[in-house]
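# Descriptive structure summary
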Amino acid sequence: MTLQDLAFAGRTLRKSPIFALTAALTIALGIGASTAIFSVTNAVLLRPIPYKDPDRLVIVASDMRNRNVRDFPFSNENFIDLRDATKDSFQDLAGVFTFRNIFTREDGTPERVRTAVITTNFFGLVGAKMVLGRDFTNADGLPQPPPPPPGAQPGTAPPPLPIMAILSYEYFQRRYGLNPAAIGQVMSGNGPFRPQIVGVLARGFQLYFPSSANVEPVPEVWLANRLGYDNANRNGVSLNVVGRLNDGVSLERAQAAADNSAAETRKNFLIERTAGYAIRVEPMRQHLVSEVRPAILALMGAVIFLLLIACANVANLLLVRASLRQRELAVRAAIGASWWHLARQMLTEAFLLSAIGSIGGLALAWLGIHELLVIAPANLPRLDTVRIDSVVLAFTALAGIVAAVIFGLASAWRASRPNVMDVLRGTSRNEGLASGGPLRKLVVVAEVALSFVLLIGSGLMFRSFLELQRIDPGFDPRGLLTFQVLGNRGGKTPEERAAFMHQIQDRLRGINGVKSVTASIPFPLAGNFSPIRWGTEEALSDPGKFQATDFQIVLPGYFEAMRTALIAGRTFTDSDNVPGRNLAIIDQQLAEKAFPRQSAVGKRILIRIKTPEAEWVEVIGVVAHQREESLADRGREQVYFVDGFLGSGTVQQWAIRTDSDPVKYGPDIREAIKAVDPHLLVTDMQTMDVLLERAQAGTRFSLLLIGVFAVIAALLAGVGLYGVLATVVRQRTAEIGVRMTLGAGPGQIFNLIVGQGLRLTAIGIVAGAIAAFALTRAMTTMLVGVKPSDPATFATIAVIFFFIAATASWLPAWRAASLDPTVALREE
């Protein structure tokens, strides 16, 4: 390919501006969509995690296999045992957990701070750098001294060790104005919790865990974990564990070492044995994207299909153009042009079109990325790194080259083989259209097949979205406004804290227009659920009968405010909201498991929540099941306890119900809380409708993108079919004239052309259905309430596509039926 070839190709395309513009725009659509989705794929799936030697980093997760619980946090004790038992496989292991804490500014105003508690080796393991001060040392992680024994003289116990803190650069800048004098200062926290600042992290440091781990990605304050070790009590779980493999150690070897550690723990401790305690080692990047990988790969597959359809469409345009240029090519061959020279010229035109389309595609991708970031679901990790970088540019260039080869080869092959004598002897102006017909039809069949696969994917996602709309979350979201109240819980005794909670309730109930008030921790669809174990009488003799359940701590009136149906028994009352009353309400799902075919009200179940061992609680009511983590998944069974069960003041997530727009009550709520205590902080205010929309975001994101790709693909396939049939009409003008002269009516001619279009469509649909039947299996985890091989979806899409084909066939068929036979014969 020379500059002379490019110049000639440019002049040739300039003579046909409509053709050049149509082809370039088609390629721009395909490459633009591909580049936009690849930028997300690159950022989320391909780009290395910005830690030191990220390929050696792993996530070490614990599972309770007998209770169907995955990614369960480690206790300090299990973490230390694992670390000591796997030193030959792991260079180091570190633990982290996060929460939201309240610190007090110098002016007395509270602020919520994203806080992480880490083992002192965490930053060294991942390669984090300090810009000020120092990293944590081993001394910062020494366990706190044990509490004094009962009856000990006051003051004889050693004082608690100070908690050390490292600040994120962003928090250091916002709170302390980058003032180095902050190093050594003591922060004002809740009660005796006053960490001392020892260092500041480099800018932009983040944690990388999937959203289901409930780990804050950007903590602002990092605290050194003073790991204690209570060998008899392993119920205090919190740690998410990161490990670095030793040099030369494979993932399989590390997994074997972790398996041995888990087996030893199961051997020595009954709870771990009966729960089926196991340890899983996964590459860190693989673990991070485990939830979103299927959706991203499905979108990448869909956009590649779209690019192939765009290529097929341009290939058809080039085939028609090559057919119309048969006389020109034959003349050039007759005067000495070689087959390679002719093919090279057609390929040069294809590459020039692809280059123009790629530049346009980059512009479309830049716009598309901005829109993608707006609609992307919250569980997509590293969205802030999605951009057009050198890798994305290389992908665009490669896509352009591959596209040019795909749509240029067919026309180059046709152009390089002109039948010189036949073409030069031919007198018809449509002579060139007679060649390449089968190839153009094959390309259309391929377009239809690829488009049909995309439409099937879109149809399945649409069905899933409809199913999500029909799912009953177990409560009425309309008119609910949720928010958190953080800060001092109102006192040291349960009675003081209970009075404090009543005061908040009364203030909120006093707001004009508020119908009911409730509080809970956690809250449905807000995350942070953690399982506990439950069992019946059978679990006393066989601890393996314990199962996992999610739990909530609620205020009396919770189910009435949420409008969750009461199925049997009663709900909590104020008289239940005191310490010492072991009462519980369970959902229908747990009731059916624990007491099949009988009433659960008045029965007892074993629950482990307050004490190291399970204790009996009485079931006073059964309510409808609530969707807690996801609308698409029913989730585990649920058990509810009243706030006083754990000593009052536990709940933080509040909700009010109104009959009007709940958003307008925000200022009134803040004033009411401020009247109770000006140091309380109201955060995360949002309607329940917003939480529902967030729970549907993943499905909506995939539906929207696959749907857009499918619509574009169907339009391109329709245009391709129209182009082939229009060419057929021009090619068969004389034949149509003869048929009409011999008595064929306009209706017969119309049916002839439409029939040819529908036959091509039918072949493409059959091929597409076979491909879709195999490929949609990859979408299984994305679908809700519908199977990948759903017959209704396949049948509906087939009907829709036949309608598209009939529409695309109508205009060429109408033109053919309107031909004047004498004019048609004279023109030929």
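All values derive from a computational prediction rather than experimental measurement.

What counts, and where the lines are drawn
- Residues numbered from 1 in each chain as written.
- Predicted model: local features only at pLDDT ≥ 70, side-chain atom pairs only at ≥ 80, totals over all residues.
- Heavy atoms only, no water.
- Helix = DSSP H or I, 4+ residues; strand = E, 2+ residues; numbered from the N terminus.
- Buried < 20%, exposed > 50% of the residue type's maximum accessible area, 1.4 Å probe, protein only.
- Contact = heavy atoms within 4.5 Å.
- Areas by Shrake-Rupley, 256 points an atom, 1.4 Å probe, with all protein chains shown as cover.
- Arc of directions from axis to C-beta.
- Patch = residues over 30% accessible without salt bridge, like charges linked within 9 Å, V, L, I, M, F, W, Y side chains within 5 Å.
- Salt bridge = Lys/Arg side-chain N within 4 Å of Asp/Glu carboxyl O.
- Axes fitted to C-alpha atoms, helices over the stretch in contact; angles between N-to-C directions.
- Left-handed = near helix turned anticlockwise from the far one by under 90°.
- Nonpolar A, V, L, I, M, F, W, Y, C, P; charged D, E, K, R; others polar.
- Pairing = 2+ DSSP bridges.
- Polar contact = N/O pair within 3.5 Å; in protein donor to acceptor, adjacent residues only side chain to side chain.
- Phe/Tyr/Trp six-rings, centres within 6.5 Å; stacked < 30°, edge-to-face > 60°.
- Lys NZ or Arg CZ within 6 Å of the ring centre and 35° of its normal.

Attention now goes to the overall build of the protein chain. Across its full length, the protein chain carries 25 helices and 22 strands. Looking at the protein chain residue by residue over its 828 residues, the buried ones come to 53%. Considering only intrachain contacts with a sequence separation of at least 6, the fraction spanning at least 24 residues in the protein chain is 81%. With an accessible surface of roughly 36200 Å², the protein chain has 59% of that area assigned to carbon and sulfur atoms.

For helix 5 (residues 169-176), the full list of buried residues reads Tyr 169, Tyr 171, Phe 172, Arg 175 and Tyr 176. Buried residues of helix 5, seen end-on, are gathered within an arc of 160 degrees and therefore sit on one face of the element. Positive phi shows up at Gly 177, right after helix 5, with a value of about 60 degrees.

Let us now look at a nonpolar patch on the surface. Taken together, the side chains of Ile 304, Leu 308, Leu 398, Val 402 and Ile 406 present a nonpolar region at the surface, about 390 Å² in accessible area. Of all the elements in the fold, those that place two or more residues in the nonpolar patch are helix 9 (293-324) and helix 12 (390-415). The element that contributes the greatest number of residues to the nonpolar patch is helix 12, accounting for 3 residues. Position of Val 402 among the secondary structure elements: in helix 12. Overall, Val 402 belongs to the partly exposed group, its relative accessible area being 40%.

Our focus in this paragraph is the packing of helix 15 (residues 494-509) against helix 19 (residues 666-676). Running from N to C, helix 15 and helix 19 point in directions that differ by 145 degrees, and their axes come no closer than 9 Å. Crossing of helix 15 against helix 19: the hand is right-handed. Counted together, Phe 500, Gln 503, Ile 504, Arg 507 and Leu 508 of helix 15 and Ile 669, Ala 672, Ile 673, Ala 675 and Val 676 of helix 19 form the full contact between these two elements. Class assignment of the residues belonging to the contact of helix 15 with helix 19 gives a composition of 8 nonpolar, 1 polar and 1 charged.

Turning our eyes to something else, we now look at unusual backbone geometry. Geometrically, the link from Ile 521 to Pro 522 is a cis peptide bond, its omega value of -10 degrees lying close to zero. Counting through the fold element by element, Pro 522 comes out in the loop between strand 13 (514-521) and strand 14 (531-535). A positive phi angle is found at Asn 214, which is not glycine, with a value near 55 degrees. Take Asn 214: it is sitting in the loop between strand 8 (196-201) and strand 9 (221-224). Under the relative-accessibility criterion, Asn 214 is labelled partly exposed at 27%. A positive phi is found at Arg 563, a non-glycine position, where the angle reads about 60 degrees. Position of Arg 563 relative to the elements: it lies in the loop between helix 17 (558-562) and strand 16 (566-569). Overall, Arg 563 belongs to the partly exposed group, its relative accessible area being 44%.

Attention now goes to the pattern of salt bridges. Taken as a whole, this structure holds 24 salt bridges when the rule is applied. Across the pair Arg 509 and Asp 506 runs a salt bridge, and its minimum N-O distance is 3.8 Å. With Arg 509 and Asp 506 both in helix 15 and 3 residues apart, the pair spans about one turn of that helix. By relative accessible area, Arg 509 is classed as partly exposed at 43%. On the accessibility criterion, Asp 506 (48% relative accessible area) is partly exposed. The salt bridge partner of Lys 515 is Asp 659, with a shortest N-O separation of 3.7 Å. With Lys 515 in strand 13 and Asp 659 in the loop between strand 21 (653-658) and helix 19, this residue pair connects regions lying 144 residues apart in the sequence.

On to the pairing of strand 20 (residues 638-642). Counting buried residues along strand 20, 5 of its 5 residues qualify, which places the element largely inside the surrounding structure. Side chains of strand 20 alternate between two faces, with Gln 638, Tyr 640 and Val 642 and Val 639 and Phe 641 buried alike. In terms of strand pairing, strand 15 (residues 547-554) meets strand 20 through 5 bridges, oriented parallel. In the sheet register, Phe 551 faces strand 20, and the bridge partner there is Val 639. In the sheet, strand 17 (residues 583-587) pairs with strand 20 via 2 bridges, with the strands oriented antiparallel. In the sheet register, Ile 585 faces strand 20, and the bridge partner there is Tyr 640.

Here Thr 119 shows up in the loop between strand 5 (110-118) and helix 4 (122-126). Separated by 2.9 Å, the side chain of Thr 119 and the backbone nitrogen of Gly 95 make a polar contact. For Thr 119, the side chain forms a polar contact with the side chain of Asn 121, separated by 2.7 Å. Apart from residues no more than four positions distant in its own chain, Thr 119 is found in contact with Phe 79, Ala 94, Gly 95, Asn 225 and Leu 227.

It is worth spelling out the packing of aromatic side chains at this point. Evaluation of the coordinates by the stated rule reveals 16 aromatic pairs. Both rings, one in Tyr 558 and one in Tyr 640, keep their centres 6.2 Å apart while their planes meet at 35 degrees; by these two values the pair is tilted. Placement of Tyr 558 in helix 17 and of Tyr 640 in strand 20 is noted, with a sequence separation of 82 residues between them. In this structure, Arg 533 is placed above the aromatic ring of Phe 546, and the distance from its NZ or CZ to the ring centre is 5.4 Å. Above the ring of Phe 595, the side-chain terminus of Lys 603 is found at 5.8 Å from the ring centroid.

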